[in-house]
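# Commentary on secondary and tertiary structure
One-letter residues, chain by chain:
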Amino acid sequence: MSLWSRISNVFRGECLNRDIEEEFEAHVAEAVEQGRDPEEARRALGAAIRQRQESHDVRVIGWLDSLRADLVFGWRQLKRNKVTSAAAILSLALAIGACTSAFRLIDALLLRPLPVKHPERLYVLSRYGMGFDNKPGEWDSWAYPCFQLMRAAAKDEAELIAVSYVSRTDITYKTDNEIEKANVQYVSGWLFPTYGIEPALGRLFTENDDLKPGAAPYAVLSYDYWTRRFGRDPHVIGRTLHVDDRVYGGVFEIIGVSEKKFTGTEPGTLVDIFVPTMMHNGVTRNDWTWFRTLAVVSPGVAIEPLRAKLEAVSHAFEAQRLSGETGLSQETLKNVLANQVRMEPAPTGASGMQQEYSHALAALAVLVLMVLLIACANVANLMTAQAAARAREMALRVSIGAGRWRLVQMVLVESILLACLAAASGALFAWWSAPFVVSMINPPDNPARVILPADWRVLGFGIALTLIVVLLFGLLPALRASSVKPVSILKGGDDPHSRQRMMHGMIALQVAFCFLVLFVAGLFVTTFERLSNKSTGFSTERILLLETTSRPAQSSLYWDQVADHLRSVPGVERVSQASWALLKGVGWNDSISVNGGPPSVDLAYFLSVSPGFLETMRIPLLAGRDFREGDLYPNAAIVNETFARKFLNDANPVGRAFVKASDDGSRERMQVIGVMRDAYYRGLREPMLPVIFTPIHNMNKNGEMHPLKSDTFIVRTASANPMALASMLRQDVAKARSGFHVSNVRTQLELNQSQTIRERLLATLAFFFGAVALLLAGVGLYGVLNYSVQQREREIGIRMALGARIGDVARRVTAGIAFAVIVGTIAGLALGMASVRYVESLLYEVKATDANVLAVPCLTILLAVVIAAVPAVLRALRIDPVAMLRVE
Amino acid sequence: MPKTDSLQGSLDLLVLKILSRRPRLHGYAIMSAIGEMSADVLRAEEGSLYPALHRMEEAGWIRAEWVTKDNGRRARVYELTAAGKRQLVAEESRWVTVTSAVNRILRTV
């Protein structure tokens with residue numbers, strides 16, 4: 001009974017007191033009955049209050065009771081200062097929420113181990129060195145024959161698993177008329193047993209499903225896809241689906257659904273459909289690299305010898321493969337063969353999203369942390385100012401015997417209360433904002449989907465963060481409050497300067513971090529601006545792209561007929577064709593040789609287009625002519641300025657010829673018929689590439705028109721919003737000729753914008769946090785200035801009475817703060833300069849030393865300081881010396 | 001109040017002993033019983049009796065209950081618990097040890 005009753009007594013304080021009271025009354029009544037004098041009996045019982053206190057104390061747990069009292073008191077304090085409390089809670093909530101949100105993203109993408117057996121034994125293989133384009137790089141894609149050799153070599157020490165890149169693929173169920181997209185991944189059959197993944201329904205692949213090319217047309221659905229697409233229909237087993245791309249046969253039978261927890265090995269992309277690697281028609285090609293190689297290393301195996309063994313196999317394979325290669329320069333061959341194999345731990349899986357966003361997320365995390373520190377400094381200052389206002393109360397408590405620790409506890413409890421309220425609202429913010437940020441990463445066609453669980457990892461982080469926050473902002477004010485000297489306070493004055501020194505220090509800190517956040521935000525915003533305002537060399541205006549497939553592949557003549565049909569649609573201005581749209585992010589490159597020379601070290605980039613493509617895209621022709629009907633691949637070519645400069649020495653390129661070396665060893669001679677203005681081909685961030693446009697009509701060796709499987713219709717519409725025509729054109733393509741399907745419609749503008757998704761994300765979030773940081777720092781400044789004026793009202797009044805001028809008063813009020821701001825700015829500048837190299841890889845054509853990159857944060861902070869300072873200065877100037885002196 | 005402190009050890013013992021003989025007494029009755037049984041030599045102060053009662057209650061040696069007496073007044077009566085009985089034995093033997101030790105000193109000097 002004892003402990004529990006003492007705990008429960010804490011929460012029934014009033015009731016307990018009544019009990020005690022009643023017992024005492026009964027006692028007195030009894031005494032009177034026994035003939036004692038009521039007065040005397042009451043006196044004998046002692047001072048009722050003290051009695052009650054003593055009895056109360058033994059019946060409750062002391063610390064818990066005082067905690068309860070402090071909570072009630074703290075709550076009243078928070079309610080009393082509604083505005084400051086709300087400001088404190090809001091700023092902390094924002095900061096805590098942003099931190100938790102950042103943690104959720106980073107955890108989901110980069111930290112959380114895959115839900116497989118022994119993720120710590122998982123490695124990913126890659127090669128690094130010089131590429132075929134003679135630029136240094138790292139590649140994690142492999143050719144299947146090489147993979148088989150490596151797997152055999154590592155047999156006893158590790159299990160090698162092939163997982164293709166997840167690709168958004170056109171698939172159909174039953175009828176060919178409804179094409180939909182799904183994330184398809186080719187995986188080694190032994191992936192599921194090796195990872196210890198169980199089926200949720202049916203069965204999963206085994207090694208037997210992955211032995212012979214094209215032998216096992218089976219598909220396993222992911223739990224997520226099964227839920228989304230089929231509503232967990234158990235009858236999905238046995239259904240067939242048609243995957244068009246790169247597949248033997250193309251018809252797959254669904255045999256099972258994988259466990260819920262396993263969503264693939266690529267964080268950021270959820271797999272919908274798994275198929276065995278042997279169903280990919282690249283498994284026999286030694287020149288196609290299309291999957292990642294993951295290794296599950298057996299316990300106790302040393303990594304380095306294993307890596308060396310795999311490297312030897314890879315080397316031998318490449319040397320053999322390239323031995324007959326004539327289309328590459330000797331230098332390129334030597335460089336490529338010098339590539340080394342790397343084996344990196346990959347407990348969290350491997351994905352392009354990780355590579356692309358790890359840096360950006362780290363930078364954002366640091367920004368968010370800065371905002372948190374600013375918020376903490378801010379609230380610490382608020383608490384200090386409040387504590388100052390309560391100095392008398394504290395002094396009184398000390399003088400009637402409250403212990404120091406008791407006061408620390410009292411102030412800390414208030415801080416904890418504040419932090420808990422902030423953490424709760426922060427949790428709401430994080431719950432909303434993390435998926436929101438992921439949705440910002442989404443390219444329109446290929447949504448990024450990150451599983452963002454709110455489990456013990458996130459909860460633990462939140463609690464730890466809240467505790468740290470309490471210590472950061474609550475401890476110092478608590479210790480200061482407890483160290484009041486009752487005598488000096490009750491006499492009416494203490495040393496306000498020490499308290500102000502601390503507050504000024506906090507301001508300097510806030511300004512430094514604020515500067516840093518603004519500075520980095522400025523770098524990101526400028527990067528985004530430079531990239532998105534960059535001239536691409538072509539027009540995006542009113543351009544609609546219809547990515548179209550035909551089943552079976554059809555002659556380019558039929559493709560022309562479909563294009564003609566589209567031209568007759570009202571609202572369509574021009575229609576052209578290209579293998580793919582510019583800036584789609586894909587490319588086709590080869591070495592070329594000029595004047596019978598050796599293959600070039602630099603690669604040229606190709607794109608097949610129809611006549612009129614240049615005009616549709618508004619790429620100016622500088623010399624020569626555009627393609628005409630009748631121009632065929634490989635005899636005619638239009639090159640860009642960079643190509644002319646790099647390969648043809650700029651001297652009148654029209655009429656010159658060059659030879660392109662193909663994969664199969666054949667050499668194709670092409671003649672330049674025109675020169676076009678430079679336009680970006682694959683990506684905005686890379687330098688201008690040497691580009692060759694070739695005719696879309698492709699004549700093969702036997703003199704037949706080569707059939708095309710996919711193509712993009714580039715439509716310039718009359719209306720300003722090209723998407724308005726999308727659904728109509730989609731139907732028109734299908735109507736124009738059977739077998740043609742539009743698999744994807746987007747605008748060129750979308751494509752251009754998808755080049756800068758990461759930059760936009762960084763710029764938007766950094767701008768947001770910069771604004772928050774500025775606001776917090778401004779509020780902090782205002783609070784401190786206001787407090788210092790309040791503290792010095794008397795002094796200022798006396799000075800004014802003695803004839804101080806307005807400027808003098810303003811200077812006195814702001815001098816300390818101005819100094820803090822200057823110190824903070826300088827520190828922030830130093831921090832910014834030091835941190836720039838960590839974000840360099842995220843920047844584009846921006847330098848930390850650019851005048852405007854430095855000027856913007858400086859001016860912004862200056863402006864904020866001025867705005868924050870004006871009310872305090874006005875308040876100081878409005879002090880009426882006469883009234884002040886009268887009070888004295 | 002040094003008197004309270006010095007009495008405390010024996011006050012617990014006296015209360016426990018009295019309650020073991022006469023269960024279900026209220027505070028005033030316990031106080032009177034101490035006076036009565038010690039022939040008015042010992043007297044428990046109200047100021048220390050009630051905190052002691054509440055402390056012992058929290059310790060689980062005694063338990064309390066509100067009862068309505070014949071005259072209609074409510075009273076809080078106390079009785080020993082099992083733990084209280086054990087405590088009484090322990091306190092008694094401690095008391096005997098201490099007093100006999102003190103007596104020995106008094107005799108030798």
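The name given to chain B in an unreviewed UniProt entry is PadR family transcriptional regulator, with the source organism recorded as Alloacidobacterium dinghuense.

Chain A is annotated in an unreviewed UniProt entry as ABC transporter permease of Alloacidobacterium dinghuense. If you open the UniProt record of chain A and go to Subcellular location (unreviewed entry), you find "Cell membrane". What the UniProt record of chain A gives under Sequence similarities (unreviewed entry) is the line "Belongs to the ABC-4 integral membrane protein family."

All names here are of chain A. Counting residues in each nonpolar core, the largest one holds 117 residues, and the members touching the most others are Tyr-357, Phe-473 and Phe-524. Counting residues per element, this core draws most heavily on helix H12 (residues 352–389), at 21 residues. Counting only domains with at least three residues in this core, you end up with domain 1 (62–112 + 354–493) and domain 3 (495–536 + 763–887). Apart from the residues within four sequence positions on either side, Tyr-357 is in contact with Leu-109, Ile-441, Ile-757, Arg-758 and Leu-761. Membership of the second largest hydrophobic core comes to 68 residues, among which are Phe-192, Val-236, Phe-262 and Ala-295.

On the side of chain B, 21 residues touch chain A, which itself brings 27 residues to the contact. Summed over both partners, the interface of chain A with chain B buries about 2,100 Å², with 50% contributed by carbon and sulfur atoms. Where chain A meets chain B, there are four salt bridges. For Arg-73 of chain B, the salt bridge identified is with Glu-30 of chain A, shortest N-O distance 3.9 Å. Taken together, the connections running from chain A to chain B amount to five residue pairs in polar contact (both at pLDDT 80 or more).

Residues and elements named next belong to chain A. Considering all chains together, one arrives at 49 salt bridges over all chains under this definition. Among the ionic pairs, Glu-159 bridges to Arg-151, the shortest N-O distance being 2.8 Å. Across the pair Arg-228 and Asp-224 runs a salt bridge, and its minimum N-O distance is 3.1 Å. Here the residue Arg-228 and the residue Asp-224 both occupy positions in helix H9 (residues 223–230), the gap between them amounting to four residues, near one helical turn.

Right, let's talk about the packing of helix H13 (residues 391–399) of chain A against helix H14 (residues 404–441) of chain A for a bit. In a pair of packed helices, the angle between the axes and the distance between the axes together describe the arrangement. All names here are of chain A. Put simply, H13 and H14 touch, their axes get as near as 10 Å, and they point 145° apart. The element H13 and its partner H14 pack so that their crossing is right-handed. Contact with H13, carried on its side by Glu-393, Met-394, Arg-397 and Val-398, involves Arg-404, Leu-407, Met-410 and Val-411 of H14 and no other residues of that element.

Here we take up the UniProt feature "domain: Transcription regulator PadR N-terminal" (unreviewed entry) in chain B. Mapped onto the present numbering, the UniProt feature "domain: Transcription regulator PadR N-terminal" (unreviewed entry) falls at residues 15–88 of chain B. The span residues 15–88 of chain B carries 53% helix and 22% strand; its end-to-end C-alpha distance comes to 9 Å.

With the exception of glycine, most residues fall at negative phi, and the peptide bonds are largely trans. Residue and element names in this part refer to chain A. Of note, the bond from Tyr-633 into Pro-634 is cis; its omega dihedral lies within 30 degrees of zero at 5°. Position of Pro-634 relative to the elements: it lies in the loop between strand E18 (621–624) and strand E19 (636–640). The phi dihedral of Arg-618 is positive, around 60°, even though this residue is not glycine. Assignment of secondary structure puts Arg-618 in the loop between helix H19 (613–617) and E18. Judged by its relative accessible area of 42%, Arg-618 falls in the partly exposed class.

As a further point, take the pairing of strand E14 (residues 572–578) of chain A. Residue and element names in this part refer to chain A. Counting buried positions over the seven residues of E14 gives five, a clear majority of the element. Inspection of the sheet shows E14 paired to strand E23 (residues 707–717) by six bridges, in the antiparallel sense. Along E23, the bridge assignment pairs Gln-577 with Phe-713.

This next bit is on the sheet that holds strand E2 (residues 62–68) of chain B. Residue and element names in this part refer to chain B. If you trace the three strands from one edge of the open sheet to the other, you get E1-E3-E2, paired in antiparallel fashion. The sheet is open, and its two edges are formed by strand E1 (25–26) and E2, each paired on a single side. Pairing geometry for E2 and strand E3 (residues 74–80), over seven bridges, is antiparallel. When the bridges of E3 are listed, Trp-66 appears paired with Arg-76.

All right, on to the domain arrangement of chain A then. You can read the domains of chain A as domain 1 (62–112 + 354–493), domain 2 (119–347), domain 3 (495–536 + 763–887) and domain 4 (543–719). Put simply, the middle of domain 1 of chain A and the middle of domain 4 of chain A, counted by C-alpha atoms, are 59 Å apart.

Once that is clear, we can look at the environment of Arg-457 of chain A. Residue and element names in this part refer to chain A. Here Arg-457 lies in helix H15 (residues 456–482). In this structure, the C-alpha to C-alpha distance between Arg-457 and Arg-112, residues 345 residues apart in sequence, is 9.2 Å. Aside from chain neighbours lying at most four places away, what touches Arg-457 is Phe-103, Asp-107, Leu-111, Arg-112 and Pro-113.

Helical geometry note: an α-helix holds 3.6 residues per turn, so side chains three or four residues apart project in the same direction. Those residues of helix H7 (residues 144–153) of chain A not exposed but buried are Tyr-144, Pro-145, Cys-146, Phe-147, Met-150 and Arg-151 of chain A. On the buried face of H7 of chain A, the contacting elements are strand E1 (122–130), strand E3 (158–164), strand E11 (291–297) and helix H10 (303–321) of chain A.

A few words on the side chain of Asp-210 of chain A. Within the element layout of this structure, Asp-210 of chain A appears in the loop between strand E6 (199–202) and strand E7 (218–221). One polar contact links the side chain of Asp-210 of chain A to the main-chain amide nitrogen of Met-278 of chain A, over a distance of 2.8 Å.

On to empty space enclosed by the protein. Enumeration over the complete set of coordinates arrives at seven cavities of 30 Å³ or more. Computed from the structure, the largest cavity encloses a volume of approximately 80 Å³. Every residue along the wall of the largest cavity is listed here: Leu-105, Leu-109, Met-353, Tyr-357, Ala-360, Leu-361, Val-437, Ile-441, Val-450 and Leu-761 of chain A. Class assignment of the residues belonging to the lining of the largest cavity gives a composition of 10 nonpolar, no polar and no charged. A volume near 60 Å³ is recorded for the second largest cavity. Lining the second largest cavity, in full, are Glu-23, Ala-26, His-27 and Glu-30 of chain A together with His-26, Gly-27, Tyr-28, Tyr-50, Ala-75 and Arg-76 of chain B. For the lining of the second largest cavity, the secondary structure elements donating two or more residues are helix H2 (13–33) of chain A together with helix H2 (27–37) and E3 of chain B. By residue number, the principal contributor to the lining of the second largest cavity is H2 of chain A, which donates four residues. Of the residues assigned to the lining of the second largest cavity, the class counts are four nonpolar, three polar and three charged.

Procedures and definitions
- By convention here, each chain's residues receive numbers from 1 onward along its written sequence.
- Whichever chain is written first is A, and whichever ligand is written first is 1; the rest continue in order.
- Only residues with pLDDT of at least 70 get local features here, since the model is predicted, and only at 80 or more are side-chain atom pairs given and counted; chain-wide, interface and lining totals rely on the full set of residues.
- Think of the side-chain values as coming from all heavy atoms in the structure, minus any hydrogens and water.
- UniProt positions are given in the numbering used here, feature names are shortened, and annotations may be inferred rather than shown by experiment.
- Side-chain atoms within 4.5 Å are what join buried Ala, Val, Leu, Ile, Met, Phe, Trp, Tyr and Cys residues into a set we call a nonpolar core.
- Working definition: with a 1.4 Å probe on protein chains only, accessible area under 20% of the residue-type maximum means buried, over 50% means exposed, and in between means partly exposed.
- Secondary structure elements follow DSSP: runs of H or I no shorter than four residues count as helices, runs of E no shorter than two count as strands, and numbering proceeds from the N terminus.
- Domain ranges listed in this record stem from an automatic or a database domain assignment.
- In this analysis, two residues are considered to be in contact whenever any of their non-hydrogen atoms come within 4.5 Å of each other.
- In this description, buried area is defined as the sum, over both parts, of the accessible area (probe of 1.4 Å) that is lost when the two are combined.
- By definition here, a salt bridge exists when the distance from a side-chain nitrogen of Lys or Arg to a carboxyl oxygen of Asp or Glu is within 4 Å.
- Residues adjacent in sequence count toward polar contacts only when both atoms are side-chain atoms; beyond that, a polar contact is any pair of N or O atoms within 3.5 Å, and within protein one must be able to donate a hydrogen and the other to accept it.
- Think of each axis as a best-fit line through the C-alpha atoms, taken over the contacting stretch in the case of a helix, with angles from 0 to 180 degrees between the N-to-C directions.
- In this scheme, a crossing is called left-handed if the near helix is turned counterclockwise away from the far one by less than a right angle; it is called right-handed if the turn is clockwise.
- Pairing between two strands requires that DSSP report at least two bridges joining them.
- With a 1 Å grid laid over protein atoms only, a set of points is called a cavity when a 1.4 Å probe fits there but cannot get out and a pocket when it is open yet has protein on both sides within 12 Å along at least five of seven lines; lining residues have an atom within 4 Å of a point.
- Grid points are joined across faces, edges and corners, and a volume is the space filled by probe spheres set on the points.
- Classification used: nonpolar for Ala, Val, Leu, Ile, Met, Phe, Trp, Tyr, Cys and Pro, charged for Asp, Glu, Lys and Arg, polar for all others including Gly.

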